[in-house]
Amino acid sequence: MSDFSFIKTSVDEQVATIVLNRPKVLNALNRPMVTEIITAMEAFDKDEAVKVILLRGEGRAFAAGADIDEMANDGPIDFELLNPFAEWDKINFIKKPILCAAHGFVLGGGFELALACDMMFAAENTSFGFPEVTLGVMPGAGGTQRLTKLLGKTKALHWLWTGDKFSAKDALDYGIVNRLIAPELLQEETEAYARRLANQPPLSLRLIKEAVNKAVDHPLEEGMQLERKNFYLLFASEDQKEGMNAFLEKRRPNFKGK
Ligand code: CAA
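Presented here is a report on the structure given in the accompanying data block.

Rules of the game
Residues numbered from 1 in each chain as written. Predicted model: local features only at pLDDT ≥ 70, side-chain atom pairs only at ≥ 80, totals over all residues. Heavy atoms only, no water. Near = heavy atom within 4 Å. Polar contact = N/O pair within 3.5 Å; in protein donor to acceptor, adjacent residues only side chain to side chain. Areas by Shrake-Rupley, 256 points an atom, 1.4 Å probe, with all protein chains shown as cover. Helix = DSSP H or I, 4+ residues; strand = E, 2+ residues; numbered from the N terminus. Salt bridge = Lys/Arg side-chain N within 4 Å of Asp/Glu carboxyl O. Buried < 20%, exposed > 50% of the residue type's maximum accessible area, 1.4 Å probe, protein only. Core = buried A, V, L, I, M, F, W, Y, C linked by side-chain atoms within 4.5 Å. Contact = heavy atoms within 4.5 Å. Pairing = 2+ DSSP bridges. Axes fitted to C-alpha atoms, helices over the stretch in contact; angles between N-to-C directions. Phe/Tyr/Trp six-rings, centres within 6.5 Å; stacked < 30°, edge-to-face > 60°. Lys NZ or Arg CZ within 6 Å of the ring centre and 35° of its normal. Parallel < 35°, antiparallel > 145°, perpendicular 65-115°, else oblique. Left-handed = near helix turned anticlockwise from the far one by under 90°. Nonpolar A, V, L, I, M, F, W, Y, C, P; charged D, E, K, R; others polar.

Our focus in this paragraph is the site of the ligand. Residues in contact with the ligand amount to 21 residues; listed here are only the nearest, Arg 60, Ala 66, Gly 109, Glu 112 and Glu 132. In this structure, Arg 60 approaches the ligand through a side-chain N or O atom, which is 2.8 Å from an oxygen atom. Contacts to the ligand include Ala 64, whose backbone N or O atom sits 3.0 Å from a nitrogen atom. Across the complex, the protein chains shield 64% of the 990 Å² of accessible surface that the ligand would expose by itself. At the level of secondary structure, the elements contributing two or more residues to the shell around the ligand comprise α2 (68–71), β5 (105–107) and α5 (108–116).

Shown next as structure tokens:
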């Protein structure tokens, strides 16, 4: 993949990894870095050799927020013209599973990026939070929306109004995090989970993701209709024939993503 300045990428056993790589500033997300993350995600989404995308951070943090240096002198017209959050919105259109391995600090824009992933695994020592209020601003890349959908209004308001950090255990209890992992095992265990997903039938993963995301924001009836259409659609796939024949023939299926 093309040269990046702020991230590192690799592919191993059908799992593409994107590493946030500005460790000296705790992976503070500047705009070019966000563009690089999205560029890599979109390329991996199209790459047949990739089944799952995994995001993690180099150094002491996953990411301690958007880059405060970069935006400190911005005015609203700069934001209007640059439209930086349009880049972030593109994550919503990635079809493959995106896993996040979170550790250290997951704050502000870093937390928003982690919440935009499909699943999050966190080291036991991770601190989460939205400190934007302490800077006189508020989250702008989906934080108020995604946190509230997960926690409900009153808990979300507490964390957003105070800017306090909460622990990995809290994040697990709130349903933000799928699993807590010892820091030294975080990468290994998240990769193992990603490889497990990479061996599942890719079209099923893709259409399940679409249906589950529909459930978050739409009425039940609408979600049920999409679920049914996706269910029918999978019967047009070679993997459905392979999966069911393998069951009947008592052998392991060999899925092709077709
Ligand atoms: N932007 C720019 N630089 C940052 C940064 C950020 N968000 N977070 C950390 N850094 C830099 C620090 O300035 C410091 O750089 P120098 O060594 O050049 O001084 C370096 O990273 C290491 O940080 P600290 O020395 O502060 O490390 P620490 O262990 O003492 O503290 C911390 C860690 C509590 C995470 C602290 O760095 C911190 O509070 N960071 C800012 C967190 C924050 O406010 N994030 C929200 C940003 S706004 C946002 O994200 C808006 C949005 O919704 C899009």
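From this point on, the discussion continues.
Take the pattern of salt bridges next. Tallied over the full model, the rule gives 13 salt bridges. Glu 87 is the salt-bridge partner of Lys 90, the closest N and O atoms lying 2.6 Å from each other. In this structure Lys 90 comes out as partly exposed when scored by relative accessible area, which is 31%. Looking at Glu 87, the relative accessible area reads 18%, which means it is buried.

Before going further, it helps to examine the nonpolar core. Nonpolar side chains tend toward joint burial in soluble globular proteins. If you look at the biggest cluster of nonpolar residues, it comprises 47 residues, and the most contacted ones within it are Phe 111, Met 120, Phe 128, Leu 147 and Ile 176. In terms of residues, this core owes the most to one element, helix α1 (residues 31–46), which gives seven residues. The residues touching Met 120, leaving out its near neighbours within four places in the chain, are Cys 100, Ala 102, Phe 111, Ala 114, Leu 115, Phe 128, Ile 176, Val 177, Asn 178 and Arg 179. Core analysis: the next-biggest nonpolar cluster, separate from the first, contains 14 residues, Leu 186, Ala 194, Leu 197 and Ala 198 among them.

Now for the sheet that holds strand β9 (residues 179–181). Taken in spatial order, the six strands line up as β1-β2-β3-β4-β6-β9 in an open sheet, and their pairing is mixed. Unpaired on one side and paired on the other, β1 (7–12) and β9 mark the two borders of the sheet. Each strand axis lies, on average, 20 degrees off the axis of its neighbour in the sheet, ignoring direction. Packed on one face of the sheet, α5 meets β2 (15–20), β3 (52–57), β4 (98–102) and β6 (119–123) and runs near 130 degrees to β6.

Our next topic: the packing of aromatic side chains. Overall, the coordinates contain 11 aromatic pairs when judged by the stated rule. Geometrically, the ring pair formed by Phe 111 and Phe 130 is stacked, given 4.7 Å between the ring centres and 20 degrees between the ring planes. Residue Phe 111 is located in helix α5, and its partner Phe 130 is located in the loop between β7 (127–129) and α6 (143–151); the two are separated by 19 residues in the primary sequence. By the burial criterion, Phe 111 is buried, and Phe 130 matches it. Arg 31 extends its terminal NZ or CZ atom over the ring of Phe 79, reaching a point 5.2 Å from the ring centre.

For the rest of this paragraph, the subject is the packing of α5 against α6. Packing of α5 against α6 leaves a shortest axis separation of 10 Å and a crossing angle of 55 degrees. Regarding the angle of α5 to α6, the classification is oblique. In this structure, the crossing between α5 and α6 has a hand that is left-handed. Only Gly 143, Arg 146, Leu 147 and Leu 150 of α6 make contact with α5, whose side of the interface consists of Phe 111, Glu 112, Leu 115 and Ala 116. Here the residues of the contact of α5 with α6 sort into five nonpolar, one polar and two charged.

Strand order across the open sheet formed by three strands is β5-β7-β8, with mixed pairing between neighbours. Each edge of the open sheet is held by one strand with a lone partner, namely β5 and β8 (165–167). Sheet twist, expressed as the mean angle between neighbouring strand axes with direction ignored, is 25 degrees. Of the pairings in the sheet, the one linking β5 to β7 comprises three bridges and is parallel in character. Paired with Val 106 across the two strands is Phe 128, which belongs to β7.

By themselves, these figures tell us nothing about what the structure is for.
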